[in-house]
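Here are the chains, one letter per residue:
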Amino acid sequence: MRRRLYVRPAVFMLHVSFLVILAGALVTHCCGTSEKVHLRVGDTVFVGALPVTLDEFVVEYYPGTQAPSDFVSHITVDGTKETVAMNKVVTADGYRFYQSGYDADSLGSVLTVTHDPWGIGVTYSGYLMLLVSMIWICVPEKRRKTVAAVVAVIGFCSPALNAAPSVVPADVAERFGNLFVYHNGRVAPFSSLARDFTVRLTGSATYRGMNPEQVLSGWLFYYDSWKDEPCIYIKGVASDGGDRASLADFFDESGRYRFSDMGHEEENEKFSLASMASAGSLWKIFPYTGSGNMVWYSPVDDMPDAMDVDSWRMARHSLGYVAELVAVGDWEGVARTVDKIASYQHAVVPEVLPSAARTWAERMFVDLSASSWPAAVMVVAAVALFVCPCRRVAWAAVGLSAGYVLFLISLNAVAAGRVPMANGYETMQWMAVGACVAAALGARRTPELLALGLMVAGLSLMVAMIGLRNPQVTQIMPVLRSPLLSVHVLAVMLAYALLALMALCGVAWFFGRRHLLAESRRMLRPAVFLLVAGIFIGAVWANMSWGRYWGWDPKEVWALITMLVYSLPLHRRSLSWLADDRAYAIWCVAAFACVVMTYFGVNFILGGLHSYA
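This one's a predicted model, so the numbers in the text were calculated from it and none came from an experiment.

Peer 1: What should I look at first to understand the overall build of the protein chain in this one?
Peer 2: In terms of regular secondary structure, the protein chain is built from 19 helices and 14 strands. Looking at the protein chain residue by residue over its 613 residues, the buried ones come to 49%. Of the roughly 29400 Å² of accessible surface on the protein chain, 62% is carried by carbon and sulfur atoms.

Quick look at the structure:
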């Protein structure tokens, strides 16, 4: 006989929690209010009975850059000084104030003000019930007290064949790599700019055996040699119809530019990139602080009239002098001059230049992340171990793979100064780690899971490199600077790793490895619970940042669809057809299409607020 739902308290609480969450949403919809309030500095408006005055609005920047790190409104609410910022909500008399926008002149701010005295409490109660019920279901009865104690302690304590174009020698080019440059909204090693430029222009991190610093410096110092070099990777532009074009291929026989009309974004981007490199405007290596703000200039930028003579000469003429030394082959003189530029940078802005450790970490990360062979080795090893199992080799392969990915993540974390979870490349690395961990946990019962976990890890890294051919260390958007980012991303990516393993178990069933389907059924519950946890943590984060739990963004909608699809087999007593192994194996494979759509389809087809991830 089927057991009644209320006889199983944990399952009953799980279902009731969804009703409570929906009830909270209904209460918010019926009783809550939300409005935009625009304030100029010194203006006062009334929110309910509360007078609210904007005292000051400030855009904070990452040190030494023009990339915003936060948007801050200093306000007075009913006589009390308060500060509203991204992920920092002010609560007063039941009203919640969120930073929503600002005026272009930075003298005005837009705040979202919500009043929802009951809905938040009801919704958060539902989230708490959901979390408790999932832990209750997953943890064996004899270990529940231990897990409860651990959770309590953590909650208390934690907060081509033609002649190659001319280039400078490799050792001299490396001197340029030791400089710093304002690039991609931050102060970065010049080697990072060189690699980004080379990958974007040529489609590869190297070109004909030349390192990125040689390629970028070659465009500046040997323009006549590089302008006819078919090094620009773009389909259909070259005169011979191939994929490699030179600058000459961007013009017709009469000398007119071929891509001035609409629909040629890639052609225009790469032509502009090559032009900026040859003109020197990419070389923003000269910092200046005399104007009150730190600005980085290239030799061709307009310098401020107030710039002192020595700084002006350094910025305007030093690279020209380097070009003269390159022309006569005085490489020692080039090295000395580049070292003087580096000394100038350290003298002007020593406090904002990355430390030696961060610089080393970034350069190492840039070099390693450009290589696809580790991912290929993982996939090949996974296939070999699945066909010819060897437990010791499999354990070693999974351990080395997880260690390699964690090393990459650590380098990125040191270089960026944050937990790397802000884009598709970074999150796919966490999925690779999650796959290795999940496979290791289940390998004692089913050793074949090690090969499948290795396969998921390798494919995750491959997909990461395909989706983001040029991994970059970047500043993150202010809204992403939240401690909930790490928890949200980690929960979702672990869930995706388990769902990928389930899909491979489903495939393996059709090749005779039918015992793996039992492991797939064991992974279902933690996978769904992790996905649910990731979704509701994201909802809490959204409420903290924007004053709403749910915005019907495409990624949110598809995450919900994925959760509902994967929750179906949890109701096998009601959906008896899923108890059949063949039907379940087919379902495991087919349901993974929802994950693919959620993660990739939204990013590349639908877009939305989550398209960065």
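Peer 1: Please clarify how the layout of surface pockets should be interpreted in this entry.
Peer 2: Where empty space is left becomes clear once a probe the size of a water molecule has been rolled over the atoms. Its boundaries defined by the atoms lining it, the largest pocket holds a volume of some 1200 Å³. Forming the walls of the largest pocket are 36 residues, and the residues nearest its centre are Cys138, Leu498, Pro526, Phe529 and Leu530. Considering each element in turn, the lining of the largest pocket owes the most residues, eleven residues, to helix 17 (residues 516-546). Considered class by class, the residues forming the lining of the largest pocket number 30 nonpolar, two polar and four charged.

Peer 1: It is not clear to me how the packing of aromatic side chains should be interpreted in this structure. Could you clarify?
Peer 2: The relation between two aromatic rings is expressed through the spacing of the ring centres and the mutual angle of the planes. Overall, the coordinates contain 18 aromatic pairs when judged by the stated rule. Between Phe250 and Phe271, the ring centres sit 5.5 Å apart and the planes meet at 40°, which makes this aromatic pair tilted. With Phe250 in the loop between strand 12 (244-245) and helix 8 (265-279) and Phe271 in helix 8, this residue pair connects regions lying 21 residues apart in the sequence. Cluster of aromatic residues (ring-pair linked, three or more members): Phe176, Phe190, Phe221 and Trp283. For Arg513, the ring lying beneath its charged end belongs to Phe386, and the centroid distance is 4.2 Å. One Lys or Arg, Arg521, reaches over the ring of Tyr584 and ends 4.0 Å from the middle of that ring.

Peer 1: So what exactly am I meant to see when it comes to empty space enclosed by the protein here?
Peer 2: Computed from the structure, the largest cavity encloses a volume of approximately 70 Å³. Every residue lining the largest cavity is listed: Leu368, Ser369, Ser371, Pro374, Ala375, Tyr404, Leu408, Tyr425, Gln429, Leu461 and Met465. Elements with a contribution of two residues or more to the lining of the largest cavity: helix 11 (356-369), helix 12 (373-387), helix 13 (391-416), helix 14 (424-442) and helix 15 (448-467). Considering only residue class, the lining of the largest cavity consists of eight nonpolar, three polar and no charged.

Peer 1: Just checking my understanding: could you explain the sheet that holds strand 7 (residues 95-102) for this structure?
Peer 2: Two pairing modes exist for strands in a sheet, parallel and antiparallel, and in both the strands are linked by backbone hydrogen bonds. Taken in spatial order, the four strands of this open sheet run 1-8-7-6, and their pairing is antiparallel. Each edge of the sheet is formed by a strand with only one pairing partner; in this case those strands are strand 1 (33-40) and strand 6 (90-92). Strand-to-strand twist in this sheet, taken as the mean axis angle between neighbours without regard to direction, amounts to 30°. Pairing of strand 6 with strand 7, which is carried by three bridges, proceeds in the antiparallel orientation. Looking at the pairing, Val90 lines up with Phe97 of strand 7. Taken strand by strand, helix 17 contacts strand 7 and strand 8 (108-115), and its axis lies near 75° from that of strand 7.

Peer 1: Would you mind showing me how to read the packing of helix 12 against helix 13 here?
Peer 2: Helix-helix packing: each pair is described by the crossing angle between the helix axes and the interaxial distance. Two numbers describe how helix 12 lies on helix 13: the axes approach to 11 Å, and their chain directions differ by 160°. Relative to helix 13, helix 12 is oriented roughly antiparallel. As for the relative orientation of helix 12 and helix 13, their crossing is left-handed in sense. Where helix 12 approaches helix 13, its residues Pro374, Met378 and Leu385 are matched on the opposing element by Val393, Ala394, Ala397, Ser401, Tyr404 and Val405. Looking at the contact of helix 12 with helix 13, its residues break down into eight nonpolar, one polar and no charged.

Peer 1: Quick question: what am I supposed to make of the pattern of salt bridges here?
Peer 2: Pairing between side chains of opposite charge can happen when their charged atoms approach one another. A full pass over the atoms with the stated rule returns 13 salt bridges. Among the salt bridges present, the one from Glu362 reaches Arg186, with a minimum N-O distance of 2.5 Å. One end of the pair, Glu362, is in helix 11; the other, Arg186, is in strand 10 (residues 186-189), with 176 residues separating them in the sequence. On the basis of relative accessibility, which here comes to 6%, the residue Arg186 falls in the buried class. Glu213 is the partner of Arg363 in a salt bridge, and the nearest nitrogen-oxygen pair spans 3.8 Å. Pair noted here: Arg363 is in helix 11 and Glu213 is in helix 6 (residues 212-221), with a separation of 150 residues, a long-range link.

Peer 1: Can you help me understand the environment of Val122 in this one?
Peer 2: In this fold, Val122 is placed in helix 2 (residues 119-138). Between the C-alpha atom of Val122 and that of Leu22, which follows or precedes it by 100 residues, the distance is 9.1 Å. Leaving out residues up to four positions away in the same chain, Val122 has contacts with Val20, Ala23 and Gly24.

Peer 1: What exactly am I supposed to notice about the nonpolar core here?
Peer 2: Counting residues in hydrophobic clusters, the biggest one holds 89 residues, and the most contacted among them are Tyr496, Met502, Tyr566 and Trp587. Of the residues forming this core, the biggest block, 15 residues, is contributed by helix 17. One finds Ala194, Ala274, Val322 and Ile341 within the second-largest nonpolar core, a separate group that totals 48 residues.

Peer 1: Is there a simple way to think about the confidence of the model for the protein chain in this case?
Peer 2: Detail in the predicted coordinates should be disregarded across regions flagged by low pLDDT. Here the protein chain shows a mean pLDDT of 81. Residues at 70 or above account for 86%. Of all helices and strands in the protein chain, the one with the weakest mean pLDDT is helix 3 (residues 144-157) (63), whereas helix 10 (residues 331-348) scores best (91). Note that residues 470-474 has pLDDT below 50 and, in this model, 21 contacts with residues that lie over four places away or in other chains.

Peer 1: Explain unusual backbone geometry here, please?
Peer 2: Comment: phi is negative for the bulk of residues other than glycine, and the bulk of peptide bonds are trans. In this structure, Asp93 takes a positive phi of about 55° despite not being glycine. Within the fold, Asp93 resides in the loop between strand 6 and strand 7. The backbone phi angle of Arg208 is positive, close to 55°, even though this residue is not glycine. On the secondary structure map, Arg208 appears in the loop between helix 5 (190-202) and helix 6. For Arg208, a relative accessible area of 30% corresponds to the partly exposed category.

Peer 1: Any chance you could explain a nonpolar patch on the surface here in plain terms?
Peer 2: The grouping of Val507, Phe510, Phe511, Ile586 and Val589 at the surface amounts to a nonpolar patch, some 470 Å² of accessible area in total. Within the element layout of this structure, Val589 appears in helix 19 (residues 581-606).

Peer 1: Got a minute to help me understand helix 5 in this structure?
Peer 2: Since one α-helical turn is 3.6 residues long, residues separated by three or four positions face the same way. In a regular helix each residue adds 1.5 Å, so 13 residues correspond to 18 Å; helix 5 covers 18 Å between its end C-alpha atoms and thus fits that length. For helix 5, the buried fraction is high: twelve of the 13 residues fall into the buried class. Turning to helix 5, its buried residues are Phe190, Ser191, Ser192, Leu193, Ala194, Arg195, Asp196, Phe197, Thr198, Val199, Leu201 and Thr202. Note on helix 5: the residue one or two positions beyond its end, Gly203, has a positive phi of about 85°.

Reading the values: rules and limits
- Residues numbered from 1 in each chain as written.
- Predicted model: local features only at pLDDT ≥ 70, side-chain atom pairs only at ≥ 80, totals over all residues.
- Heavy atoms only, no water.
- Helix = DSSP H or I, 4+ residues; strand = E, 2+ residues; numbered from the N terminus.
- Buried < 20%, exposed > 50% of the residue type's maximum accessible area, 1.4 Å probe, protein only.
- Areas by Shrake-Rupley, 256 points an atom, 1.4 Å probe, with all protein chains shown as cover.
- 1 Å grid on protein atoms, 1.4 Å probe; cavity = no way out; pocket = protein on both sides within 12 Å on 5 of 7 lines; lining within 4 Å.
- Points joined across faces, edges and corners; volume = space filled by probe spheres on them.
- Nonpolar A, V, L, I, M, F, W, Y, C, P; charged D, E, K, R; others polar.
- Phe/Tyr/Trp six-rings, centres within 6.5 Å; stacked < 30°, edge-to-face > 60°.
- Lys NZ or Arg CZ within 6 Å of the ring centre and 35° of its normal.
- Pairing = 2+ DSSP bridges.
- Axes fitted to C-alpha atoms, helices over the stretch in contact; angles between N-to-C directions.
- Contact = heavy atoms within 4.5 Å.
- Parallel < 35°, antiparallel > 145°, perpendicular 65-115°, else oblique.
- Left-handed = near helix turned anticlockwise from the far one by under 90°.
- Salt bridge = Lys/Arg side-chain N within 4 Å of Asp/Glu carboxyl O.
- Core = buried A, V, L, I, M, F, W, Y, C linked by side-chain atoms within 4.5 Å.
- pLDDT = per-residue confidence, 0-100.
- Patch = residues over 30% accessible without salt bridge, like charges linked within 9 Å, V, L, I, M, F, W, Y side chains within 5 Å.
- Expected span 1.5 Å × (residues − 1).

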